[in-house]
Amino acid sequence: MTDIASPATGRPALSGVVGRLPEYLMIWVPLLLSAAHLISFSLWTIWISFTPSTLVPVTGWVGMRNYTAVLASRNWQIAFDNLLLFGSAFVLLSLVTGLMLAILLDQRIRGENVLRSIFLYPLAVSFVVTGTVWSWLLNPGIGIQKLVHDLGWTSFRFDWLVDRDMAIWTIVIAAIWQSSGFAMALFLAGLRSVDADIIKAAQIDGAGPVRTYWRVILPTLWPITITVIVVQLQFAISAFDLVRALTNGGPGIATQLPALVVYDLMFQRSQLGRGAAAAVLMLLILLAVLLPYAAWRYVQRRRATHA
Amino acid sequence: MPITTTRRRLLAGSVAALALPSFARAQSAVKPRLTAISQWSAGSDGAAITALGKKFEEKGGVWQHSPVPGFTTEMMNKLRAQIIAGDPPACSQLKGPEIAAWSKIAPTVDLDAIVAAAGYEKVVAPDLAKLHKPGGKWIALPLQIYSTNMLFLSKRAMDKAKTDKIPVTWADFNDLAEKMKSGGITYPIANGGTRPDDGQKFEASLAGISPAAYRAAIMNLDKKALEGPEIKAAFVQVRRISEWMDPNVGAQPYATNLKRFIDGEMGMMIQGGWAQGVLRNAGFKFDDFIIVPGPSDNGKPVFLLNADAFIFWQRKEPDLQAGQTLMAQLVMDPAIQTMYSQITGSIPVRTDVDLSGEGWSDGQRRTAAALKDAVANNQAVLSLAHNMAQENGLTAAMIDVLTEYVKNKTIKPEQAVTRLAEAVEGAR
């Protein structure tokens, strides 16, 4: 909290309010605009999800029919199962990869800046580019498998992209490549902010580097861990462009994800009502992640102020 | 003051009388302008519509075409946005049952008078005409026809298989594929793996096994026919096709394999006539491949109709209205249809165009003959994979099942039959 008005001066003078007017304008106008934007369109989508809209939005009321249709469809069921698998695998693996990279970079090595940029760089690439490049690399006919075959190891197989059981893992691979740098950056910042005295105290007590990390440093990182988890989870739930470029939901419909189903229903099948229902279901999944996080933050802050 | 009013009215009347002829003259002298959207941006499709635009300009019109590359649905998103904004294009690509569906959300132009003046109705296949006059009035005009189940044979692959017997039935087709395989061709089938491509494999199989079952199950969604033995037989055939394909094709378009097909590394392709345009546009020669009607178990050609069309949206601007009239006349013109089909590899909608002359391929002549035969034998049916048989929502639900079946070889034909019937039920 960097509150400028100190409580000791009591009520701020009028000139103070005028002086801070630009500040208020800068913060509140965009905030209100985007909140209104977000809320009005969310409400609009919720409304559409209860109407019989197909090609264009229409009024009318069909109750839960769009929801039952979406929930009963194979596409949605596959998408939901994939989301559970993709979400947990991606979040967990990117967390572990990011943490490992951060710990390795934290060893006061030479060229740290260069390495950090390299690991962070994929984040600057758009998901469509990531998806397209990986779709080439992972295609057994032209990518890694062909390279290894050409090198002489002809029995080598790496055809996950066209294997319907493994295709979802290609998305996990590409997503980790893209965003573990982000986890690394946050963890690195966390590692650097650990009080040097604590580490020294641990060393004096005779703890080795592994023990120091495991028992002393890592426990201080858990607020960052939760932030990383929440950010990555909301990415996983809304993942669209990466999948569209990499597998486009295929082979067949094996790598469907909720966002793809929404797009498909709305813009490929001209079923706006059902698409809106699927979008609202996605919103509910997101809320299931974000509300506990918000509650946790609230509790944390209260505890901090009370202490 | 009655007198003043009268005088004023008189004055106004005479001004109007003076202005009227010049207004009429201005209207007839207005330069026809056409705003059009379509998905045709590149390759032979792009070349064809650009040539059509040139003709439009030669007739004194202003041609404003905005292509939206991708599948038809991508074009529809732009169309939807423009209609909701109250600014539809004067003319847009649209086809099949979508013409009826979309005509309910925005007013269209009544083309009856122009169609009658051109005597067009007499030269269009009746089933096709019906799709373009949903409320009994012509609101859209078909431009070109493809059959989605043409069989493309690679000459070099035929040499490797040491045969020149053209397959007629599915049994012949399967024989030839086996021969190609023993002739050293690892993947006798050169198809791609996109959704429409997977749908085509199924519709070609079913229509070739029984056009009557296709009509009942796919076009009329008859529940009994959907669970009938022909559907299962079609899935069995699709499985054989999928086993002769390169598994690495993933979701790539068929065009990826064209070179391997021509080189004889792959042997056959079940594709629409547009593949001829793409092959020609890529520089391959007519000597490299043969196009014949797709396999049909009763020996008579089966024609899976796919027709591209333009729908005309109501506009108030006189120049756009003049442009719509000019465009309609051009689309119905036999010379324009000839020009267009010769570029894209389709056949003209008009049944009175002579295809014996220069510029037509044997494949196109065979396609046109197949259409005539198929119509006579009631074996011309509407393509599912290319959105001619059902509206988008139903089509997509059915293609979900088909594409999953092609990609997932553990699904049994019986399971696929049940899933297809369930998908239809769920999407209705």
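Structure report, in brief. Values in this document were obtained by computation on a predicted structure and should not be read as measured data.

As a further point, take the overall build of chain B. The secondary structure content of chain B amounts to 19 helices and eleven strands. Computed over its C-alpha atoms, the radius of gyration of chain B comes to 25 Å, within 12% of the 22 Å expected for a compact globule of 428 residues. By principal-axis analysis of the C-alpha atoms, chain B measures approximately 100 × 50 × 40 Å.

This brings us to the nonpolar core. Across soluble globular proteins, you tend to see nonpolar side chains buried next to one another. Leu305(B), Ile311(B) and Phe312(B) are the most contacted members of the largest nonpolar core, which has 129 residues in total. Ranked by the residues each element gives to this core, the list is headed by helix H18 (residues 392-407) of chain B, at nine residues. Both domains that meet at this core, namely domain 1 (31-145 + 308-348) and domain 2 (150-305 + 361-427) of chain B, each give it at least three residues. Once you skip the residues sitting within four places of it in the chain, Ile311(B) turns out to touch Ser92(B), Leu94(B), Ile99(B), Trp102(B), Thr108(B), Ile139(B) and Ala140(B). Membership of the second largest hydrophobic core comes to 42 residues, among which are Ala79(A), Val162(A), Ile168(A) and Met266(A).

Okay, the packing of helix H4 (residues 74-105) of chain A against helix H8 (residues 167-192) of chain A next. All names here are of chain A. Between H4 and H8, whose axes approach to 6 Å, the crossing angle comes to 40°. Comparing their axes, H8 and H4 come out oblique. Both H4 and H8 take part in a crossing whose hand is right-handed. Residues of the contact of H4 with H8, tallied by class, amount to 20 nonpolar, six polar and no charged.

All names here are of chain A. With 35 residues, helix H14 (residues 272-306) should cover 51 Å at 1.5 Å per step; its first-to-last C-alpha distance of 49 Å lies within 8% of that length. The sharpest bend along H14 measures roughly 30° and falls at leucine 287. Of all the residues in H14, the buried ones are Leu272, Gly273, Arg274, Gly275, Ala276, Ala277, Ala278, Ala279 and Leu281. Structurally, H14 contributes buried residues whose contacts are with helix H2 (21-48), helix H3 (65-72), H4 and helix H13 (258-268).

For the rest of this paragraph, the subject is the environment of Trp40(B). Residue and element names in this part refer to chain B. Mapped onto the fold, tryptophan 40 is located in the loop between strand S1 (33-38) and helix H2 (43-58). Considered as a pair, tryptophan 40 and methionine 75 are 35 residues apart in the sequence and their alpha carbons are 9.4 Å apart. Not counting residues within four places of it along the chain, the set of residues in contact with tryptophan 40 comprises Asp45, Gly46, Ile49 and Pro67.

Moving on, we get to the interface of chain B and chain A. Every contact between the two is made by 20 residues of chain B and, on the other side, 23 residues of chain A. Taken together, the elements giving at least two residues each to the side of chain B that touches chain A come down to helix H3 (72-84), helix H4 (98-103) and H18 of chain B. In terms of residue count, the dominant contributor to the side of chain B that touches chain A is H18(B) (seven residues). Within the side of chain B that touches chain A, the residues separate by chemical class into seven nonpolar, nine polar and four charged.

Cut-off values and rules
Residues numbered from 1 in each chain as written. Chains lettered and ligands numbered in written order. Predicted model: local features only at pLDDT ≥ 70, side-chain atom pairs only at ≥ 80, totals over all residues. Helix = DSSP H or I, 4+ residues; strand = E, 2+ residues; numbered from the N terminus. Rg over C-alpha atoms; globule rule 2.2 N^0.38 Å. Core = buried A, V, L, I, M, F, W, Y, C linked by C-beta atoms within 7 Å. Buried ≥ 20, exposed ≤ 12 C-beta atoms within 10 Å, placed from the backbone. Domains from an automatic or database assignment. Contact = placed C-beta atoms within 7 Å. Axes fitted to C-alpha atoms, helices over the stretch in contact; angles between N-to-C directions. Parallel < 35°, antiparallel > 145°, perpendicular 65-115°, else oblique. Left-handed = near helix turned anticlockwise from the far one by under 90°. Nonpolar A, V, L, I, M, F, W, Y, C, P; charged D, E, K, R; others polar. Expected span 1.5 Å × (residues − 1). Bend = angle between axes of the 7 residues up to and from the residue.

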